[in-house]
Amino acid sequence: MSTRLDHRDPLVFDTHELGRRPGALQRISRTVDAPRDLGVAGVIGVPEGAPVEIELRLESVMEGVLVTGTARASAEGECVRCLESVELELDADFQEMFSYPDSDDRGRSRAAADDEAEADEDMIPLEDGLFDLEPVLRDAVVLALPMQPVCREDCEGLCSTCGINLNENPDHHHEAVDIRWAALQGLAGSQGTDEKDNMSGSSDGDVRSAAEKQEK
């Protein structure tokens, strides 16, 4: 069961002024406080309580009220490359159909065709002429926000070895050592030491032999 809408809620709008006259138009401008968790959780979003400017165009059609609008706000998040804070201006466009109850203006039941019934499932029903914009606003904001925000397009990110910010240290680098060659270098070093030892041993032996010959 749906919760009854409260007309005092800033994201609840009244369509009674349209009077169910097809073609009737109404424009509404309203600034509201951002609801909680408006955005992509843990990535980027509009802070709770931040101002959200909403521009709406309400048009009465046969099926209900077609709502077209734009929401503007400032979103905050974290760069996925360097983890620095990101702030961007958000413009989220949306359009939604809010349907009238299942009866025509003369109060007769309306027999919908199969395809019309399927279309009705995609429409949100009006409740006593009221509609709640919050679910529509949430969907629009999520679609308008980047899933991987960056502080700038050419952000270099962090060093994968030590984590230093490469934007602040563009010349930073580490000497890359291929572990496949490191073992060979170690082996070559040990062989060089052995050769030196052998050469040293041979020289000592030669000196001793020469000394013995002189004594004889």
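In this text, all values refer to a predicted model and were calculated from it rather than measured experimentally.

A. Representation of unusual backbone geometry in the model. Unlike most non-glycine residues, Leu83 shows phi in positive territory, near 70 degrees. Mapped onto the secondary structure, Leu83 falls in the loop between strand E6 (64–78) and strand E7 (85–99). In this structure, Asp128 takes a positive phi of about 55 degrees despite not being glycine. Topologically, Asp128 is positioned in the loop between strand E8 (124–125) and strand E9 (130–132).

B. Seen up close, the pattern of salt bridges. Taken as a whole, this structure holds 7 salt bridges when the rule is applied. The salt bridge involving Arg8 is made with Asp6; its shortest N-O contact spans 3.1 Å. Given the relative accessible area of 66%, Arg8 is considered exposed. For Asp6, a relative accessible area of 31% translates into the label partly exposed. Between Arg138 and Glu134 there is a salt bridge whose closest N-O contact spans 3.0 Å. Taken together, the residues Arg138 and Glu134, both in helix H2 (residues 134–144) and 4 residues apart, mark about one turn of the helix. In this structure Glu134 comes out as partly exposed when scored by relative accessible area, which is 22%.

C. View of the nonpolar core. Val46, Val52, Leu56, Leu58, Phe131 and Leu133 are the most contacted members of the largest nonpolar core, which has 34 residues in total. Contributions of two or more residues to this core are made by strand E2 (25–33), strand E3 (38–40), strand E4 (44–46), strand E5 (51–60), E6, E7 and H2. In terms of residues, this core owes the most to one element, E6, which gives 5 residues. Residues in contact with Val46, not counting those within four places in the same chain, are Ala34, Leu38, Val52, Ala73, Ser74, Ala75 and Leu90.

D. Region of interest: the packing of aromatic side chains. If you walk through the whole model with that rule in mind, you get 2 aromatic pairs. Centroid distance Phe13 to Phe131: 5.6 Å. Interplanar angle 20 degrees. Geometry classified as stacked. With Phe13 in strand E1 (residues 12–14) and Phe131 in strand E9, the pair connects residues that are 118 residues apart, well separated along the chain. For the residue pair Phe13 and Phe131, the accessibility class agrees, reading buried in each case. Through a chain of ring-to-ring contacts, three or more aromatic side chains come together here, namely Phe13, Phe98 and Phe131. The residue whose ring lies beneath Arg20 is Tyr100, and the NZ or CZ to ring-centre distance is 3.9 Å.

E. Main features of the environment of Leu66. The residue Leu66 is located in strand E6 in this model. Placed 41 residues apart in sequence, Leu66 and Leu25 show a C-alpha to C-alpha distance of 9.7 Å. When sequence neighbours within four positions are dropped, the list of residues in contact with Leu66 reads Arg57, Leu58, Glu59, Gln95, Glu96 and Met97.

F. Layout of the pairing of E6. Of the strand pairs in this sheet, E4 and E6 are connected by 2 bridges, and their pairing is antiparallel. Of the residues in E6, the one forming a bridge with Ile44 is Gly77. With 8 bridges connecting them, E5 and E6 associate as antiparallel partners. By the bridge assignment, Glu55 is partnered in E6 with Thr70. Direction of pairing for E6 relative to E7: antiparallel, over a ladder of 15 bridges. Directly across from Thr70, in E7, lies its bridge partner Asp93.

G. Up close: H2. Buried within H2 are the following residues: Val136, Leu137, Ala140 and Val141. Axial view of H2: buried residues confined to an arc of 130 degrees, hence all on one face. Along H2, exposed side chains directed more than 90 degrees from the buried face belong to Asp139 and Leu143. Contacts made by the buried residues of H2 are with E3, E6, E7 and E8.

Parameters and conventions
Residues numbered from 1 in each chain as written. Predicted model: local features only at pLDDT ≥ 70, side-chain atom pairs only at ≥ 80, totals over all residues. Heavy atoms only, no water. Helix = DSSP H or I, 4+ residues; strand = E, 2+ residues; numbered from the N terminus. Salt bridge = Lys/Arg side-chain N within 4 Å of Asp/Glu carboxyl O. Buried < 20%, exposed > 50% of the residue type's maximum accessible area, 1.4 Å probe, protein only. Core = buried A, V, L, I, M, F, W, Y, C linked by side-chain atoms within 4.5 Å. Contact = heavy atoms within 4.5 Å. Phe/Tyr/Trp six-rings, centres within 6.5 Å; stacked < 30°, edge-to-face > 60°. Lys NZ or Arg CZ within 6 Å of the ring centre and 35° of its normal. Pairing = 2+ DSSP bridges. Arc of directions from axis to C-beta.

These figures capture arrangement, not role.
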